[in-house]
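# Per-entry structural report
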Amino acid sequence: MSPDETLTDPDPEELPARVVVMDDDRSSVFVLERLLVREGYRAAGFTEPDQFLASIAEAEPDAICLDLHVPDYEDMDLLTEVRRLVPDVPVIMLTADDHPASIVAAMRAGAFDYAIKPVDRERLGLTLRNALAQRRLLVRLRSLEFPGQG
């Protein structure tokens, strides 16, 4: 590096989207992380809700894949907490329970969409692309409505 060159942080818009996965099943987290990385995303996986919540509060992800049933949390409580911490981040619910009432409850609680386990790679990819496109539009709209606010 020459003396005139300086190290700068990369432009966040040039980085791949960061997707956080929360599932109490370690193997599900591993599989999803690998899938996301192969699809070109930066992935971080968690099996402990407290660590997951601390992580998203510290560094807002671009999208979240969240297991519908997490021990120590009732129904939609974890999703409700996620919505409180990062209200504009799209959340894709992961569930082995394809019961319509569970899916409707997740959508009403603020989920962007849902995926049935085992997760279909192509469907999850499409859902993530749609979620991230919506997020980019929301960020752009906010920047136009409130110029100068980050």
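The structure this text deals with has already been given above.
Remember, it's a predicted structure, so these values are computed and weren't measured experimentally.

Here is what the cut-offs are and how they apply
Residues numbered from 1 in each chain as written. Predicted model: local features only at pLDDT ≥ 70, side-chain atom pairs only at ≥ 80, totals over all residues. Heavy atoms only, no water. Axes fitted to C-alpha atoms, helices over the stretch in contact; angles between N-to-C directions. Helix = DSSP H or I, 4+ residues; strand = E, 2+ residues; numbered from the N terminus. Parallel < 35°, antiparallel > 145°, perpendicular 65-115°, else oblique. Left-handed = near helix turned anticlockwise from the far one by under 90°. Contact = heavy atoms within 4.5 Å. Nonpolar A, V, L, I, M, F, W, Y, C, P; charged D, E, K, R; others polar. Phe/Tyr/Trp six-rings, centres within 6.5 Å; stacked < 30°, edge-to-face > 60°. Lys NZ or Arg CZ within 6 Å of the ring centre and 35° of its normal. Core = buried A, V, L, I, M, F, W, Y, C linked by side-chain atoms within 4.5 Å. Buried < 20%, exposed > 50% of the residue type's maximum accessible area, 1.4 Å probe, protein only.

All right, on to the packing of helix 2 (residues 49-58) against helix 3 (residues 77-85) then. Running from N to C, helix 2 and helix 3 cross one another at 20°; their axes reach a closest spacing of 10 Å. The orientation of helix 2 relative to helix 3 falls into the category roughly parallel. The handedness of the crossing between helix 2 and helix 3 comes out as right-handed. For the pair helix 2 and helix 3, contact is made by Pro49, Phe52, Leu53, Ile56 and Ala57 and by Leu78, Glu81, Val82 and Leu85, respectively. Residues that form the contact of helix 2 with helix 3 fall into these classes: 8 nonpolar, no polar and 1 charged.

Moving on: the packing of aromatic side chains. Considering all chains together, one arrives at 1 aromatic pair under this definition. One residue, Arg123, lies across the ring of Tyr114, its end atom 5.2 Å from the ring centre.

Bringing the nonpolar core into the picture now. One finds Phe52, Ile56, Ile64, Leu66, Val82 and Met93 to be the most contacted residues of the largest nonpolar core, which totals 21 residues. Listing elements by their share of this core, those giving two or more residues are strand 1 (18-22), strand 2 (42-46), helix 2, strand 3 (63-67), helix 3 and strand 4 (91-95). Setting aside residues up to four positions removed in sequence, Ile56 forms contacts with Val20, Pro61, Ile64, Val82, Leu85 and Val86. Judged by nonpolar contacts, the second largest core, of 16 residues, contains Val21, Leu36, Tyr41 and Ala63.

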